[in-house]
Amino acid sequence: MPMEPIPDLASLSLADIARLAEEHKLPPVDRWNPTHCGDSEMRIARDGTWFHQGSPIGRPAMVRLFSTILRREPDGGYVLVTPVEKLDIVVEDAPFVAVEMKAERAGKDAVLAFRLNTGDIVTADAEHPLRFEPRDDGPRPYLRVRGDLDAVVARSVYYDLAQRAIDGADTPPGVWSAGSFFPIEPEA
């Protein structure tokens, strides 16, 4: 089954984004419980590059396919899972990277949609929250994609989020999306 081309986020309306998210059917990996079979010899680097046996996977369609069978286990580890096998995969930070953001409206009416490095589109909302983890070099933003899987927000996209927070009148500073507020600084 051929994978559809990755949509251009800037050209999509909010209705298009909602429709694409609804149409994107994923395998029911949360219901599959096969026996653990070993190591996949795969790794997802901090920058979102997927590797197999030390070499980058050069076919985006393969990465997108593998990303649909990725699951986080209760112990915090990651696996690729099918109905008949489960293989470990190393994830250095988060399995996805939010590489682009489309923002419509402002303040409490804002809606923020993100395109991931896999082509998936996720709208930040109560089910897909943004969180900002404190780090020595400033907050590091993450977006919940599905289940316990997150996307790290790319630096350039984070700058756009920070600008929206600075332009807003909220205390503490943060961003709104789909009726939910996401503070940039964690509450003390």
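Parameters at a glance
- Residues numbered from 1 in each chain as written.
- Predicted model: local features only at pLDDT ≥ 70, side-chain atom pairs only at ≥ 80, totals over all residues.
- Heavy atoms only, no water.
- Phe/Tyr/Trp six-rings, centres within 6.5 Å; stacked < 30°, edge-to-face > 60°.
- Helix = DSSP H or I, 4+ residues; strand = E, 2+ residues; numbered from the N terminus.
- Buried < 20%, exposed > 50% of the residue type's maximum accessible area, 1.4 Å probe, protein only.
- Lys NZ or Arg CZ within 6 Å of the ring centre and 35° of its normal.
- Expected span 1.5 Å × (residues − 1).
- Arc of directions from axis to C-beta.
- Contact = heavy atoms within 4.5 Å.

Visitor: If you had to explain the packing of aromatic side chains to someone new, which residues and values would you point to?
Guide: Here the structure, examined in full by the defined rule, presents 4 aromatic pairs. Between the aromatic rings of Trp50 and Phe66, the centroid separation amounts to 6.5 Å while the plane-to-plane angle is 15°, which identifies the pairing as stacked. With Trp50 in strand 2 (residues 50–52) and Phe66 in helix 2 (residues 60–67), this pair connects stretches of sequence that are 16 residues apart. Between Phe132 and Tyr158 the ring centres are 6.4 Å apart and the planes differ by 50°, which places this aromatic pair in the tilted class. Of this pair, Phe132 sits in strand 10 (residues 130–133) while Tyr158 sits in helix 3 (residues 155–167), and the two are 26 residues apart along the sequence. When sorted by exposure, Phe132 lands in the same class as Tyr158, which is buried. Here a set of aromatic residues connected by ring pairs shows up, and it is made of Phe132, Tyr158 and Tyr159. One residue, Arg43, lies across the ring of Phe51, its end atom 4.2 Å from the ring centre.

Visitor: Lay out helix 3 with the relevant residues and their values.
Guide: The end-to-end C-alpha distance of helix 3, which contains 13 residues, comes to 18 Å, matching closely the 18 Å that a straight helix rising 1.5 Å per residue would cover. Val157, Tyr158, Leu161, Ala162 and Ala165 are the residues of helix 3 that are buried. Viewed along the axis of helix 3, the buried residues span an arc of 145°, placing them on a single side of the element. What points out from helix 3, more than 90 degrees from its buried face, is the exposed set Tyr159, Ile166 and Asp167. On its buried face, helix 3 is in contact with strand 7 (96–104), strand 8 (111–116), strand 10, strand 11 (140–146), strand 12 (149–153) and strand 13 (174–177).

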